[in-house]
Amino acid sequence: MIFEPQKYAIPDESGKPFIDPAEIRTLLAANGEPSVAETERVLARSAELHRLTLAETAVLLRARTPELRQMIFEAAGELKRRVYGERIVIFAPLYVGNRCTNNCAYCGFRASNREAVRVTLAPEQLRAEVETLESQGQRRLILVWGEHPDYSPRAIADAVRQVYSVRGAGRINRVNINAAPLDTEGFRVVREAGIGTYQIFQETYDPERYAEVHPSGRKRDFDWRLTALDRAMEAGVDDVGLGALVGLGDWRYEAMALVRHANHLEACFGVGPHTISFPRIRSASGLASGAFREVDDEDFALLIAVLRLAVPYTGLILTAREPQQLRDRLIGLGVSQIDAGTRLEIGGYSSSFGAGVAVGGRQDLHREQFELMDTRSLSESVSTLIDAGQIPSFCTACYRKGRTGEHFMEFSTRGFIKRFCTPNALLTLAEYLEDYAPAELRSRGWRLIDSKLTSIDEGLRREVSSALELIRAGEREMLL
Ligand code: SAM
Ligand code: SF4
């Protein structure tokens, strides 16, 4: 891995924030459309697994012609296959509570929205949700909360511990959280509960736009949010996830700022973010249609491809905010994690309302944060991935074996993926197929496993094949 910390400004000593809007805007404005030669030069740097500088990232983001964009898409797809292999890690969001004291203009949970139905799961309801998710075969969850005094670090830590303790028709091995920024002590409390990733989105890295869409509440403080991941890392949280809500500001600007934020963390802590997310704004309760600017699919695809190329070792998350067919295409550009079987209604996985989709197949947006575009079940999503030759992975081995943070960055090289990620993806898929998949999907899944086994080096293949035999015979939790 090539790591060039000296290239990235380490903030604070000068009091200058690490996101400098003027710098980003200047780089994006420079020189118009890049030439083919200039684009090729940047793609070559990325192919050697260098992180891209902001100036290089700007070159790719300025590409507008279909020909240039096609070059970028192909390079991103190739890098994804090399670095992450053909595996897609699967998780599910679990909304625990939607009380909120903020007024984010885009969110159905905002305090001023009187139509929102407020729910916080009681421990027995949380248990029921987790049992349902386990019975579907989920292994990795992200718990989500609004920002409210009820959701203290202690309450968050208790919920995390409870989720780990539930043993129904399976087990949750990794609990990530998406919750409001905490102080360093608060992050220590939640870290001690054994969280996987702490994820938080800056929403927009443009301070002026940020002020417009966050009119009141604690979240109005741009800097408190921007420095949340620094505090999390100072408190010893190894894996952090950053993101921007796409559609609030200029998407090119947000892409640049995400790269800067990733580089900042790496410069300060020796390890970059575990994941980057780029949710696009969807309809929400009380949100006028057209209230936010649409980012079209082609621009959105370029944003993902450029992030893949700029930060090759960071996971990219694509959520069910995107419709099925688009998701299937975007996965090839560098996405490494997706949510599947997602339901947003609080209590919706286990409730009798039909898993969050009310009668008539439509969501009740007053009970949910935003409109979902991909409402497939977990097994349907797994089935589509298998048909596309991707390995759905339920792997949580790195977290369970202590390979997080610095170690994860250190290991997430091509050799590491080959040695651990692909085999563990196959083993966890096999367990899923045996325990949770319908019969027809099971046989298709095993055919995929057999075909992917051939790409593994011989010695390792023998090891994986015998683990697969044990899984067929009923052994579980076979991880390398
Ligand atoms: N309350 C916490 C916070 O604000 O950080 C948790 C966040 S919220 C439950 C998870 C994320 O959903 C937000 O950070 C935002 O990016 C995204 N989100 C909010 N409204 C949305 C909408 N209408 N469409 C798509 N994503 C949305
Ligand atoms: Fe509250 Fe988070 Fe929604 Fe903002 S995005 S209103 S903080 S739940």
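Residues numbered from 1 in each chain as written. Chains lettered and ligands numbered in written order. Predicted model: local features only at pLDDT ≥ 70, side-chain atom pairs only at ≥ 80, totals over all residues. Heavy atoms only, no water.

Topic: the packing of helix H1 (residues 21-29) against helix H3 (residues 54-61)
Then comes step 1: Taken N-terminus to C-terminus, the directions of H1 and H3 make an angle of 45°; their axes are 8 Å apart at the nearest point. The orientation of H1 relative to H3 falls into the category oblique. Here H1 runs over H3; the crossing is right-handed. Every residue of H3 that contacts H1 at Glu23, Ile24, Leu27 and Leu28 is listed here: Leu54, Ala55, Ala58 and Leu61.
Then comes step 2: A class-by-class count of the residues in the contact of H1 with H3 yields seven nonpolar, no polar and one charged. (Axes fitted to C-alpha atoms, helices over the stretch in contact; angles between N-to-C directions. Helix = DSSP H or I, 4+ residues; strand = E, 2+ residues; numbered from the N terminus. Parallel < 35°, antiparallel > 145°, perpendicular 65-115°, else oblique. Left-handed = near helix turned anticlockwise from the far one by under 90°. Contact = heavy atoms within 4.5 Å. Nonpolar A, V, L, I, M, F, W, Y, C, P; charged D, E, K, R; others polar.)

Side note on the pattern of salt bridges
Then comes step 1: Applying the stated rule across the entire model yields 30 salt bridges.
Then comes step 2: With its nearest N and O atoms 2.7 Å apart, the salt bridge here joins Asp150 to Arg99. Of the two residues, Asp150 is situated in the loop between strand S2 (140-145) and helix H6 (153-165) and Arg99 in the loop between strand S1 (87-97) and helix H5 (123-136); the sequence distance between them amounts to 51 residues.
Then comes step 3: The exposure class assigned to Asp150 is partly exposed, which follows from its relative accessible area of 38%.
Then comes step 4: We classify Arg99 as partly exposed; its relative accessible area is 34%. (Salt bridge = Lys/Arg side-chain N within 4 Å of Asp/Glu carboxyl O. Buried < 20%, exposed > 50% of the residue type's maximum accessible area, 1.4 Å probe, protein only.)

Considering the confidence of the model for the protein
Reading fine detail from the predicted coordinates is not recommended where pLDDT is low.
Then comes step 1: For the protein, the average pLDDT comes to 89, and 90% of its residues sit at 70 or higher.
Then comes step 2: Low confidence marks residues 353-360, where pLDDT is under 50. Its contacts with residues over four positions away, or in another chain, come to eleven contacts. (pLDDT = per-residue confidence, 0-100.)

Digging into H6
Then comes step 1: Along its 13 residues, H6 runs 18 Å from first to last C-alpha, staying within 8% of the 18 Å computed at 1.5 Å per residue.
Then comes step 2: Looking at H6, one finds that the buried residues are Ile156, Ala157, Ala159, Val160, Gln162, Val163 and Tyr164. (Expected span 1.5 Å × (residues − 1).)

What about helix H19 (residues 458-472)?
Residues spaced three or four apart along an α-helix point in a common direction, a consequence of the helix completing one turn every 3.6 residues.
Then comes step 1: Taking 1.5 Å per residue as the helical rise, H19 with its 15 residues ought to reach 21 Å, and the 21 Å between its terminal C-alpha atoms agrees with that figure.
Then comes step 2: For H19, the complete set of buried residues consists of Leu460, Val464, Ala467, Leu468 and Ile471. In a view along the axis of H19, the buried residues occupy a sector of 105°, so they form one face of it. In H19, the exposed residues that point more than 90 degrees away from the buried face are Glu458 and Arg462.
Then comes step 3: Backbone geometry just after H19 places Gly474 at a positive phi near 110°. (Arc of directions from axis to C-beta.)

A few points about the site of ligand 1
Then comes step 1: Near ligand 1 lie 19 residues; those nearest to it are Tyr106, Glu203, Lys219, Arg225 and Arg321.
Then comes step 2: In this structure, a nitrogen atom belonging to ligand 1 sits 2.9 Å away from a side-chain N or O atom of Arg321.
Then comes step 3: Out of a free accessible area of 570 Å², ligand 1 has 96% covered by protein chains.
Then comes step 4: Classifying every residue of the shell around ligand 1 by side-chain character gives nine nonpolar, three polar and seven charged. (Near = heavy atom within 4 Å. Polar contact = N/O pair within 3.5 Å; in protein donor to acceptor, adjacent residues only side chain to side chain. Areas by Shrake-Rupley, 256 points an atom, 1.4 Å probe, with all protein chains shown as cover.)

What to know about the nonpolar core
Then comes step 1: Residues Leu143, Tyr198, Phe278, Ile304 and Tyr432 are the most contacted members of the largest nonpolar core, which totals 150 residues.
Then comes step 2: If one sorts the elements of this core by residue count, helix H12 (residues 297-310) sits on top with ten residues.
Then comes step 3: Each of domain 1 (21-81) and domain 2 (84-391) gives at least three residues to this core.
Then comes step 4: In this view, Tyr198 contacts Ile177, Ala179, Ala180, Pro181, Phe187, Ala228, Leu229, Ala232, Val237, Asp239, Val240 and Gly241; residues no more than four positions away in its chain are not counted. (Core = buried A, V, L, I, M, F, W, Y, C linked by side-chain atoms within 4.5 Å. Domains from an automatic or database assignment.)

Side note on the pairing of strand S5 (residues 239-243)
Then comes step 1: The buried fraction of S5 is high, at five of five residues.
Then comes step 2: Where strand S4 (residues 197-199) lies against S5, three bridges are found, and the strand directions are parallel. Residue pairing for S5: Thr197 is matched across the bridge by Asp239.
Then comes step 3: Viewed along the sheet, the connection from S5 through helix H11 (residues 251-269) into strand S6 (residues 275-277) turns out right-handed. (Pairing = 2+ DSSP bridges. Right-handed = clockwise from strand over helix to strand, strands pointing away.)

Section: the packing of aromatic side chains
Then comes step 1: Counted by the stated rule, this structure contains six aromatic pairs.
Then comes step 2: With a centroid separation of 6.0 Å and 75° between ring planes, the pair formed by Tyr95 and Phe109 is classed as edge-to-face. Here Tyr95, found in strand S1, pairs with Phe109, found in the loop between S1 and H5; they are 14 residues apart in sequence, far enough to count as distant. Assigned by exposure class, Tyr95 and Phe109 land together as buried.
Then comes step 3: Between Phe278 and Phe300 the ring centres are 6.1 Å apart and the planes differ by 75°, which places this aromatic pair in the edge-to-face class. Here Phe300 lies in helix H12 and Phe278 lies in the loop between S6 and H12, a separation of 22 residues in the sequence. (Phe/Tyr/Trp six-rings, centres within 6.5 Å; stacked < 30°, edge-to-face > 60°.)

Quick look at the site of ligand 2
Then comes step 1: Within the structure, ligand 2 sits among Cys100, Asn102, Cys104, Tyr106, Cys107, Phe109, Arg110, Gly146, Lys219 and Gln369.
Then comes step 2: Looking at the shell around ligand 2 residue by residue, the class counts come to five nonpolar, three polar and two charged.

Thoughts on the environment of Leu433
Then comes step 1: Assignment of secondary structure puts Leu433 in helix H17 (residues 414-436).
Then comes step 2: Take Leu433: its relative accessible area is 0%, and that puts it in the buried class.
Then comes step 3: Separated by 13 residues in the primary sequence, Leu433 and Trp446 place their C-alpha atoms 7.8 Å from one another.
Then comes step 4: The residues contacting Leu433, other than those within four sequence positions of it, are Leu441, Arg442, Gly445, Trp446 and Ile449.

Focus on the environment of Val237
Then comes step 1: If you trace the backbone, Val237 turns up in the loop between helix H10 (228-234) and S5.
Then comes step 2: Along the primary structure Val237 and Lys401 are separated by 164 residues, whereas in three dimensions their C-alpha atoms are 16 Å apart.
Then comes step 3: With sequence-adjacent residues up to four places away left out, Val237 is seen in contact with Phe187, Arg191, Ile195, Gly196, Tyr198 and Ala232.

Observations concerning the pairing of S1
Then comes step 1: Taking burial as the measure, the eleven residues of S1 include eleven buried ones, the bulk of the element.
Then comes step 2: Relative to strand S9 (residues 391-393), S1 runs parallel, the two sharing three bridges. Residue pairing across strands places Val89 opposite Ser393, the latter belonging to S9.
Then comes step 3: Pairing between S1 and strand S8 (residues 337-339): three bridges, direction parallel. Paired with Val89 across the two strands is Gln337, which belongs to S8.
Then comes step 4: As judged from the five bridges shared by S1 and S2, these two strands associate in the parallel manner.

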